[in-house]
Amino acid sequence: MISTSSSTSAMVTQGKLEISNVENVEAKNTRLGCCGWLLVIASFMLVILTFPITLGMCVKIVKEYERAVIFRLGRIMDRKPKGPGLFFVLPCTDTFVKVDLRTVSFDIPPQEILTKDSVTVNVDGVVYFKIQCPISSVANVSNAHHATRLLAQTTLRNVLGTKNLSELLSDREGISVSMQESLDDATDPWGIKVERVEIKDVKLPQQMQRAMAAEAEATREARAKIIAAEGEMNASRALKEASLVIAEAPSALQLRYLQTLSTIATEKNSTIIFPLPIDMMKAFIK
């Protein structure tokens, strides 16, 4: 139910956009004049007189994803495009242009861009768009697809030129949204809806890649040294506490001595050990 209502509202919005975009053109171009109406009537009479022959020239078909913008004597005929299905045109006075409403995708060629922090990068992307108002796409721009491609390239340069390299590498989603909004606003008079913009790849110069790799390696080495120093400090504290415990209980040293002998005998069987009682070393220690 939600999807049905949303699709209905989208269709209503699209219809309003088409009507609003064509109102000015329609107000000026609906008047054909006396000569225009005479030509239309003559063309209609010609169709009636040669009905079986001109049937294929008058009846046209557009598919579900297409719309037809009809021009009568060079003027847009109706407020909205024809289709899908059958529609009728006069062979002598009417011409029509088919418009595809499906989503179209194209790749933005790699652009060499200078970022805000003076780093040269090569960036490419992909754009998804569709024609929302067929009449505007035909009447307001000569080639809507080509114009959108050129505008996407310039928009990519303009948006990325205001970003630092770190923002370009970490905030691709935000950059894509900003580009999508800019393209959508710029192509709205052409009847085009930009649905999505994505950054595909960011290529850095070889020197910059080596510098970033050296910086990352130095950072990792510094962190490793800090971790090793912290481990040594914790180990020294543990040894200090162990020495205090052994000093309080002399028998603990004897047990530790025996445990060490057991460990050596287990790991290194070829080692010969001559145990010496600790009591014999007390005279030398004193």
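The structure reproduced in this document is the subject of the present report. Please read these numbers as outputs of a predicted model, since none were measured by experiment.

A separate point is the environment of Phe 71. With respect to the element layout, Phe 71 can be found in strand β2 (residues 66-72). According to the relative accessible area criterion, Phe 71 is buried, its value standing at 15%. In sequence terms Phe 71 and Asp 94 are 23 residues apart; their C-alpha atoms lie 5.5 Å from each other. Residue contacts for Phe 71: discarding those within four places in its chain leaves Ile 76, Thr 93, Asp 94, Thr 95, Val 97 and Val 138.

Moving on: the sheet that holds strand β3 (residues 75-76). An order of β3-β2-β5 is seen for the three strands of this open sheet, with the pairing classed as antiparallel. Since the sheet does not close on itself, it has two edges, and those belong to β3 and β5 (94-100), each with one partner. Taken together, the two bridges between β2 and β3 define a ladder with antiparallel strand orientation. Bridged to Arg 72 within β3 is Arg 75.

Our next topic: the side chain of Ser 176. Structurally, Ser 176 is set in helix α7 (residues 172-187). Here Val 197 takes part through its backbone oxygen, which lies 3.3 Å from a polar atom of the side chain of Ser 176. The residues contacting Ser 176, other than those within four sequence positions of it, are Val 197, Glu 198 and Ile 199.

A full pass over the atoms with the stated rule returns six salt bridges. For Lys 130, the salt bridge is made with Glu 195, and the minimal N-O distance between the two is 3.6 Å. Taken together, the residues span a long stretch of sequence, with Lys 130 in strand β7 (residues 120-131) and Glu 195 in strand β8 (residues 192-203) at a distance of 65 residues. A residue is classified by how much of its surface remains accessible, and Lys 130, at 29% relative accessible area, is partly exposed. When the shortest N-O distance is used, the salt bridge between Asp 184 and Lys 193 registers 2.9 Å. A relative accessible area of 14% places Asp 184 in the buried class. According to the relative accessible area criterion, Lys 193 is partly exposed, its value standing at 28%.

This part covers a nonpolar patch on the surface. A cluster of nonpolar side chains, Trp 37, Ile 41, Phe 44, Met 45, Ile 48, Phe 51, Leu 55, Val 59, Ile 61, Leu 86 and Phe 88, forms an exposed patch at the surface whose accessible area comes to about 1100 Å². Where the nonpolar patch is concerned, the elements lending two or more residues are α2 (33-49), α3 (51-58), β1 (59-62) and β4 (85-88). With five residues, the single largest contributor to the nonpolar patch is α2. On the secondary structure map, Val 59 appears in strand β1.

Turning our eyes to something else, we now look at the sheet that holds strand β6 (residues 104-114). Read across the open sheet, the three strands follow the order β6-β7-β8; overall the sheet is antiparallel. Each end of this open sheet is capped by a strand with a single partner; those strands are β6 and β8. Averaged over all neighbouring strand pairs, the angle between strand axes comes to 25 degrees, with direction disregarded. Sheet topology note: the β6/β7 ladder contains nine bridges and is antiparallel. Counterpart to Leu 114 in the pairing with β7 is Thr 120. Sheet contacts for helix α5 (residues 144-160): β6, β7 and β8; angle to β6, the most-contacted strand, approximately 35 degrees. The strands that α7 touches are β6, β7 and β8; relative to β8, the one it contacts most, it runs at about 145 degrees.

About the criteria used
Position labels on residues start from 1 in each chain and follow its written sequence. Under the rules for a predicted model, residues below a pLDDT of 70 receive no local features and side-chain atom pairs below 80 are neither given nor counted, while totals for whole chains, interfaces and linings still include all residues. Working from all heavy atoms in the structure, the side-chain values ignore hydrogens and water. Here a helix means four or more residues in a row that DSSP labels H or I, a strand means two or more in a row labelled E, and each is numbered from the N terminus. A simple rule labels every residue: compare its accessible area, found with a 1.4 Å probe on the protein chains alone, to the largest value its type can have, and call it buried under 20%, exposed over 50%, or partly exposed in between. Residue contacts are counted whenever heavy atoms from the two residues lie within 4.5 Å of one another. When DSSP finds two or more bridges between two strands, those strands count as paired. Under the rule applied, a polar contact is a pair of N or O atoms within 3.5 Å (in protein, one hydrogen donor and one hydrogen acceptor; residues adjacent in sequence only if both atoms are side-chain atoms). Salt bridges are identified by distance alone: a Lys or Arg side-chain nitrogen within 4 Å of an Asp or Glu carboxyl oxygen. Patch building starts from residues that exceed 30% relative accessible area and form no salt bridge, then joins like charges within 9 Å and nonpolar side chains (Val, Leu, Ile, Met, Phe, Trp, Tyr) within 5 Å. Each accessible area is a Shrake-Rupley estimate made with a 1.4 Å probe; only the visible protein chains count as cover when residues are assessed. To define axes, lines are fitted to C-alpha atoms, for helices over the stretch in contact only, and angles between the resulting N-to-C directions are given on a 0 to 180 degree scale.

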